[in-house]
Amino acid sequence: SAGQTYQVTGVGYGFEGGIELDGEPVASPPASHLHRTLLAGVLNNDATLYQADGRTDARGDPTEIALLVAAAKAGIFKGEAEEDFPRIAEIPFEPHRQFSATLHEWGDTDQTLFVKGAFERVLAMCRHAEGPEGPGELDLERVAAEGEHLGRQGLRVLAMAYTRVDSRALPIDE
């Protein structure tokens, strides 16, 4: 998120652990780029994560479950997020499309579109990036190089993006 590499600690689906930057625990305040990245992974997500009989269990795609676990470790829970930002519409993931998108209510007059998918595909849709100092121009070369670097390490690299949409705008189409 925002040119920084965070580590999620803990094992499996459990909520034990947290999120670290350079080995130090980090908080995820609501206005932060990390919070919005995690929120995108929660709201554009069809998996479920729940606790029963003292243990955590999940249903759905393993990658989507991992996103829910990471967000939960930062105090962002799917049920609460969906209540705060109800889903209005979606474009489901299809292999030929390489992304999914969900549109959510965001206040009285705004909506927010969250996109999640293949790193290269989502990156190609973006013009701006959010960093520790706020939004700015996307440094496409730097971000692409970082994604390739992570991929060479054997990591699964996804991209998440969002944009605010005025509720009076035309309907979103592929």
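Residue indices follow the written sequence of each chain, beginning from 1 at its first position. Whole-chain, interface and lining totals are the exception, using all residues; otherwise, since this is a predicted model, local features are given only for residues with pLDDT of at least 70 and side-chain atom pairs are given and counted only at 80 or more. Hydrogens and water molecules were not included; the side-chain quantities draw on all heavy atoms of the structure.

S.K.: Any chance you could explain the sheet that holds strand β3 (residues 24-25) here in plain terms?
M.R.: Two modes of strand pairing occur in sheets, parallel and antiparallel, and in both the strands are linked by backbone hydrogen bonds. Strands pair, by our definition, only if DSSP identifies at least two bridges between them. Strands here are runs of E lasting at least two residues and helices are runs of H or I lasting at least four, both read from the DSSP assignment and numbered beginning at the N terminus. The strand order across the open sheet formed by 3 strands is β1-β2-β3, and the pairing between neighbours is antiparallel. Each of the sheet's edge strands pairs with one partner strand only, and the pair in question is β1 (6-8) and β3. With 3 bridges joining them, β1 and strand β2 (residues 19-21) adopt antiparallel strand pairing. When the bridges of β2 are listed, Gln7 appears paired with Glu20.

S.K.: Explain the layout of surface pockets here, please?
M.R.: Left-over empty space is what a probe sized like a water molecule reveals as it rolls over the atoms. Only protein atoms enter the calculation, which uses a 1 Å grid: trapped sets of points that fit a 1.4 Å probe without letting it out are cavities, open sets showing protein on both sides within 12 Å along at least five of seven lines are pockets, and any residue with an atom within 4 Å of a point is a lining residue. Grid points are joined across faces, edges and corners, and a volume is the space filled by probe spheres set on the points. Reported here for the second largest pocket is a volume of approximately 340 Å³. Considering the residues around the second largest pocket, the lining is formed by 22 residues, among which Phe93, Lys116, Gly117, Arg156 and Leu158 are closest to the centre. Of all elements in the fold, only α2 (62-73), β6 (87-91), β7 (99-106), β8 (110-118) and α4 (119-125) reach the threshold of two or more residues within the lining of the second largest pocket. Gly falls in the polar group here, along with every residue not listed as nonpolar (Ala, Val, Leu, Ile, Met, Phe, Trp, Tyr, Cys, Pro) or charged (Asp, Glu, Lys, Arg). Of the residues in the lining of the second largest pocket, the class split is 8 nonpolar, 7 polar and 7 charged.

S.K.: How should the packing of aromatic side chains be read in this particular structure?
M.R.: Two numbers describe a pair of aromatic rings. These are the distance of the centres and the angle of the planes. Pairing of aromatic side chains here covers Phe, Tyr and the six-membered ring of Trp, requires ring centres within 6.5 Å, and sorts the geometry by plane angle: under 30 degrees stacked, over 60 edge-to-face, intermediate tilted. For the structure on display, the rule yields 4 aromatic pairs. Ring geometry for Phe85 and Trp106: centres 4.1 Å apart, planes at 15°, overall stacked. One end of the pair, Phe85, is in the loop between α3 (78-84) and β6; the other, Trp106, is in strand β7, with 21 residues separating them in the sequence. The exposure class of Phe85 is buried, given its relative accessible area of 19%. Relative accessibility decides the category of a residue: with a 1.4 Å probe and only protein chains considered, values under 20% of the type maximum give buried, values over 50% give exposed, and everything between is partly exposed. Relative accessible area serves as the criterion here: at 16%, Trp106 is assigned to the buried category. Consider the rings of Phe114 and Tyr162, whose centres lie 6.2 Å apart with planes at 35°: the pair is tilted. Of this pair, Phe114 sits in strand β8 while Tyr162 sits in strand β11 (residues 158-166), and the two are 48 residues apart along the sequence. Taking relative accessible area as the criterion, Phe114 reaches 1% and is therefore assigned buried.

S.K.: Is there a simple way to explain the sheet that holds β7 in this structure?
M.R.: In space, the 4 strands of this open sheet follow the order β6-β7-β8-β11, with antiparallel pairing throughout. At either margin of the open sheet sits one strand with a lone partner, and together these are β6 and β11. Sheet twist, expressed as the average angle between the axes of neighbouring strands with direction ignored, equals 15°. Every residue pair with non-hydrogen atoms within 4.5 Å of one another is taken to be in contact. Axis lines are fitted to C-alpha atoms, over the contacting stretch for helices. Their N-to-C directions set the angle, which ranges from 0 to 180 degrees. Strand contacts of helix α1 (residues 33-43): β6, β7, β8 and β11, with the helix running at about 90° to β11, the strand carrying the most contacts.

S.K.: What am I meant to see in the pattern of salt bridges here?
M.R.: When charged atoms on two side chains of opposite charge get close, those side chains can pair. Should a side-chain nitrogen of Lys or Arg be within 4 Å of a carboxyl oxygen of Asp or Glu, the pair is scored as a salt bridge. One pass over the structure, following the stated rule, counts 6 salt bridges. For Arg87, the salt bridge is made with Asp46, and the minimal N-O distance between the two is 3.1 Å. Taken together, the residues Arg87 in strand β6 and Asp46 in the loop between α1 and β4 (48-52) connect sequence positions 41 residues apart. We classify Asp46 as exposed; its relative accessible area is 53%. Two residues, Arg87 and Glu90, come together in a salt bridge whose shortest N-O distance is 3.4 Å. Assessed through its relative accessible area of 30%, Arg87 is described here as partly exposed. One network of salt bridges, in which partners are shared, links Asp46, Arg87 and Glu90.

S.K.: Help me out: how do you make sense of the environment of Val42 in this one?
M.R.: Within the secondary structure layout, Val42 lies in helix α1. Along the backbone, Val42 and Leu21 are 21 residues apart, and their C-alpha atoms lie at a distance of 21 Å. Excluding anything up to four places from it in sequence, Val42 contacts Leu68, Ala71, Ile76, Phe77, Lys78 and Ala81.

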